[in-house]
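Coordinate analysis (summary)
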Amino acid sequence: AGYTTAQIGKLHWNSGAAWKRGFKDAAAYYEALGLDRVIDISGPPDSENANDVYSQRMRELDLLSALASDVKRRYMNWEYEPRASVVKPEDYHDVFVTGLAADFIREQAKDKPMCLVVSLHSPHPPLDAPGEFATMHDPQSLTLPANVPESFGRDGRTIDRAEVRRILANYLGKMALVDHCVGRLVEAMRARGTWDNALVIFTADHGEMMGSHGALSKGRFYEESGRVPLVIRWPGRVKPGRTAALAQMMDVYPTIVEAIGGELTPGRFARSLLPVATGRQDSVRDLVIGEIGKAAPLDIMARDARFKYWADRRGEHLFDMRGD
C-alpha cells in the first residue's frame, strides 16, 4: 500500500523458521514478505557466541561475557530471581532496541507513510530490571491480590507472599522501563512531525500469573495470564475511553489494514477493531477463542461478554465473569 515497513526487536519467528523451507536465508524471506527493514533481537543473550546486533554491541563494550553468563545462570537456576541486571539501563537490550527504532523513525521522510512494529522483551522474565528500575518499588509497600496464597510450590521451591512481593517489585520495574522506552518512541514521532496523525497500537502477547492461584508465568486462561493490554490511539479518529468489547490478538492486523484503506488477504477470521475504537459499534465479536499447547489435546478457552469456559488436563472450568 505504499508504506515503508519495518519490524525491530523480538520477532519470535525463528521457531520453525518458515524461511528455511524455500528461501536461501532469512533476508530473502523478509524481502518476500515485503518488509523493508528487519532487525531481530530476541532478548538478552545467554551465550558469548550470540551474534545479533545487540550482542555485537555488548561485545564491543566488553560486556557480553558478563551479561551472557548472568542471563544463562538465571535461566538455569531460576528466572524469577529478582536481581538487577549486570548492565546499566542505557546498555539494557530493550533500551538498545528502542534506540534502533527511534533512529529508524527519525530517518523516515515525513511525506512517506510507514508501518513500524517495535517488539520489546520486557517485562518478561528473567527478572533483571536494570539500575534504578530494580529498586524503584518497595516490595513491602505492594498489595497482592487475595488470590495469591500464603505459600505455594514452584520449581522445587516454596514461595511465600513476601517472595512474591520481591518478584513483583522487579517486574513492575521492568514495566516502568517499557514505559520509558515507549516515551522515547513518542519523542521520535514528535520530532518527525507525524505524532498528531499517527495510529499507535500498544499490546502484549501474554500476561503473568505473579502468584495468583499459586502460579507464576503464563499458559493459563486465568485473567492474569490471558488478558493483555490493548491501547489504540489515533487523534481525531479513535474515541478516548474504555470499552468492554471482546478482542483477539489477531484483530490488530485488520485494524491496521482498514485504517490505511487496504484490503485483507483472503481466508482471515480476524476482525477490525476500528468500528469499536471510533465509536461506530459497541462490539465486533460475540465470542473470543484461545488455545495453547504443543500437542493434542490442546487446552482451549471460549469467552463471551459474561462467561468464560475452558478445558485443560485438570478438567473443565466455567466462570461467571460478572460475579468472579
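Presented here is an overview of the structure given in this document.

Cut-offs and rules
Residues numbered from 1 in each chain as written. Predicted model: local features only at pLDDT ≥ 70, side-chain atom pairs only at ≥ 80, totals over all residues. Heavy atoms only, no water. Core = buried A, V, L, I, M, F, W, Y, C linked by side-chain atoms within 4.5 Å. Buried < 20%, exposed > 50% of the residue type's maximum accessible area, 1.4 Å probe, protein only. Contact = heavy atoms within 4.5 Å. Helix = DSSP H or I, 4+ residues; strand = E, 2+ residues; numbered from the N terminus. Pairing = 2+ DSSP bridges. Axes fitted to C-alpha atoms, helices over the stretch in contact; angles between N-to-C directions. Phe/Tyr/Trp six-rings, centres within 6.5 Å; stacked < 30°, edge-to-face > 60°.

So, the nonpolar core
Most often, soluble globular proteins have nonpolar side chains that are buried together. With 30 residues, the main nonpolar core has Ile 8, Tyr 54, Leu 67, Ile 105, Leu 177 and Met 189 as its most contacted residues. Discounting chain neighbours no more than four positions away, the residues touching Ile 8 are Ile 39, Val 97, Leu 100, Ala 101, Phe 104, Leu 116, Val 117, Val 118 and Ser 119. Counting residues in each nonpolar core, the second largest holds 15 residues, with Trp 78, Phe 152, Ile 167 and Met 210 among its members.

Side note on the environment of Ile 41
Residue position: Ile 41 is located in the loop between β2 (37-40) and α2 (53-60). Remark: the alpha-carbon pair of Ile 41 and Arg 242, spanning 201 residues in sequence, is separated by 33 Å. Not counting the four nearest positions on each side in its chain, Ile 41 is found in contact with Gly 9, Lys 10, Asp 52, Val 53, Tyr 54, Phe 96, Val 97 and Leu 100.

Quick look at the sheet that holds strand β1 (residues 4-9)
In a beta sheet, neighbouring strands pair by backbone hydrogen bonds and run either parallel or antiparallel. Taken in spatial order, the three strands of this open sheet run β2-β1-β3, and their pairing is parallel. Looking along the sheet, the strands with just one partner apiece sit at the ends: β2 and β3 (114-119). Taking the axes of each pair of neighbouring strands and ignoring which way they run, one obtains an average angle of 5 degrees across the sheet. Across six bridges, β1 lies against β3 in parallel orientation. Its bridge partner lying in β3, Thr 4 is registered against Met 114.

Quick notes on the environment of Gly 214
Within the secondary structure layout, Gly 214 lies in the loop between β6 (200-203) and α6 (223-226). Residue classification places Gly 214 among the partly exposed residues on the basis of a relative accessible area of 24%. Setting aside anything within four residues of it in sequence, one finds Gly 214 in contact with Asn 147, Pro 149 and Phe 152.

Focus on the packing of aromatic side chains
The full count for this structure, using the stated rule, is eight aromatic pairs. Ring centres of Tyr 54 and Phe 96 lie 5.3 Å apart, and the angle between their planes is 55 degrees; this geometry places the pair in the tilted category. Separated by 42 residues along the polypeptide, Tyr 54 in helix α2 and Phe 96 in helix α4 (residues 93-107) bring together distant segments of the chain. Aromatic ring contacts, followed pair by pair, group Phe 221, Tyr 222, Trp 310 and Phe 319 into a single cluster.

With respect to unusual backbone geometry
Following Ser 122, the chain continues into Pro 123 via a peptide bond in cis, with omega recorded as 10 degrees. Take Pro 123: it is sitting in the loop between β3 and β4 (151-154). In this structure, Pro 126 follows Pro 125 across a cis peptide bond, with omega equal to 10 degrees. With respect to the secondary-structure elements, Pro 126 resides in the loop between β3 and β4. Phi at Asp 155 takes a positive value of approximately 55 degrees, unusual for a residue other than glycine. Position of Asp 155 among the secondary structure elements: in the loop between β4 and β5 (157-160). Owing to a relative accessible area of 51%, Asp 155 belongs among the exposed residues under this scheme. Positive phi, normally seen in glycine, also occurs at Ser 217, with a value near 80 degrees. Mapped onto the fold, Ser 217 is located in the loop between β6 and α6. We classify Ser 217 as buried; its relative accessible area is 18%.

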